[in-house]
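Close look at the chain arrangement
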Amino acid sequence: MSLQRWEQNLTVQTQLTRDKMLNVLLFIDGGWLVDEVEGTDQERIDELMALRSQCIPATTSLLVNVLRESGQDQAVVELCDYIASEQYQLYKLFNQQELKDLLDKVYDSSIKCGCDPLQFNTSEESTEQIPS
């Protein structure tokens, strides 16, 4: 009984963490740590971009770890969609090694949840033959 309650609490807390961290990653009006005020000097813009380049990959890595440790591998694959999205362009904030590490984790999670990173279901029971 207490194990079930613990697992339910873990699921709820993981979902809350996911939602809040996604809000940071997908912040409105250009993104988190982007000035909304026009006329900001170039030095400030560069400083904010440097902060984004450190914080966004770190936040993403933390979120991936939380999701993987709680068994929510499908959510890890879905998170990759946001990172790769042209709308948010978060992938531009990652260096090559950070992207490689992220994609390795997404790959592992996709295998665990039975889908590939492109969201095509790979489980045998749902595989359909394409008519010739």
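Report follows, based on the coordinates. The structure presented is a predicted model; accordingly, all values stated were derived computationally and were not measured.

This part takes up helix 2 (residues 42-69). With 28 residues, helix 2 should reach 40 Å at 1.5 Å per residue; the first-to-last C-alpha distance of 40 Å fits that figure. Within helix 2, burial applies to Leu-48, Arg-52, Ile-56, Pro-57, Thr-59, Thr-60, Leu-63, Val-64 and Leu-67. Structurally, helix 2 contributes buried residues whose contacts are with helix 1 (2-25), helix 3 (73-84) and helix 4 (96-113). Looking one or two residues beyond helix 2, the residue adopting positive phi is Gly-71, at roughly 80°.

Contact geometry for helix 1 and helix 2: axes closest at 10 Å, N-to-C directions at 160°. Classified by the angle their axes make, helix 1 and helix 2 are roughly antiparallel. Considering only the axes of helix 1 and helix 2, their crossing is left-handed. Packed against helix 1, whose contacting residues are Thr-14, Thr-17, Arg-18, Met-21, Leu-22 and Leu-25, the element helix 2 presents Ile-56, Thr-59, Thr-60, Leu-62, Leu-63, Val-66 and Leu-67 at the interface. Split into classes, the residues belonging to the contact of helix 1 with helix 2 amount to eight nonpolar, four polar and one charged.

This part is about a negative patch on the surface. Together, Asp-41, Glu-43, Asp-46 and Glu-47 make up a region of like negative charge exposed at the surface. Mapping Glu-43 onto the fold places it in helix 2.

This part is about the pattern of salt bridges. Scanning the model with the defined rule gives three salt bridges in all. Residue Arg-18 pairs with Asp-19 through a salt bridge whose shortest N-O separation is 3.3 Å. A relative accessible area of 33% places Asp-19 in the partly exposed class. Lys-100 serves as the salt-bridge partner of Asp-104, at 3.0 Å between the closest nitrogen and oxygen. One end of the pair is Asp-104 and the other is Lys-100, both in helix 4 and four residues apart, which spans about a single turn. Judged by its relative accessible area of 36%, Asp-104 is partly exposed.

Moving on, we come to the nonpolar core. Counting 18 residues, the largest nonpolar core has Leu-22, Leu-25, Ile-56, Leu-63, Leu-79, Leu-90 and Leu-102 as its most contacted members. Contributing elements (two or more residues each) for this core: helix 1, helix 2, helix 3 and helix 4. Considering each element in turn, this core owes the most residues, five residues, to helix 3. Excluding its chain neighbours within four sequence positions, the residues that come into contact with Leu-102 are Thr-60, Val-64, Ile-83 and Phe-94.

Definitions and limits used
- Residues numbered from 1 in each chain as written.
- Predicted model: local features only at pLDDT ≥ 70, side-chain atom pairs only at ≥ 80, totals over all residues.
- Heavy atoms only, no water.
- Helix = DSSP H or I, 4+ residues; strand = E, 2+ residues; numbered from the N terminus.
- Expected span 1.5 Å × (residues − 1).
- Buried < 20%, exposed > 50% of the residue type's maximum accessible area, 1.4 Å probe, protein only.
- Contact = heavy atoms within 4.5 Å.
- Axes fitted to C-alpha atoms, helices over the stretch in contact; angles between N-to-C directions.
- Parallel < 35°, antiparallel > 145°, perpendicular 65-115°, else oblique.
- Left-handed = near helix turned anticlockwise from the far one by under 90°.
- Nonpolar A, V, L, I, M, F, W, Y, C, P; charged D, E, K, R; others polar.
- Patch = residues over 30% accessible without salt bridge, like charges linked within 9 Å, V, L, I, M, F, W, Y side chains within 5 Å.
- Areas by Shrake-Rupley, 256 points an atom, 1.4 Å probe, with all protein chains shown as cover.
- Salt bridge = Lys/Arg side-chain N within 4 Å of Asp/Glu carboxyl O.
- Lys, Arg positive; Asp, Glu negative; His and termini not counted.
- Charge placed at Lys NZ, Arg CZ, Asp CG, Glu CD.
- Core = buried A, V, L, I, M, F, W, Y, C linked by side-chain atoms within 4.5 Å.

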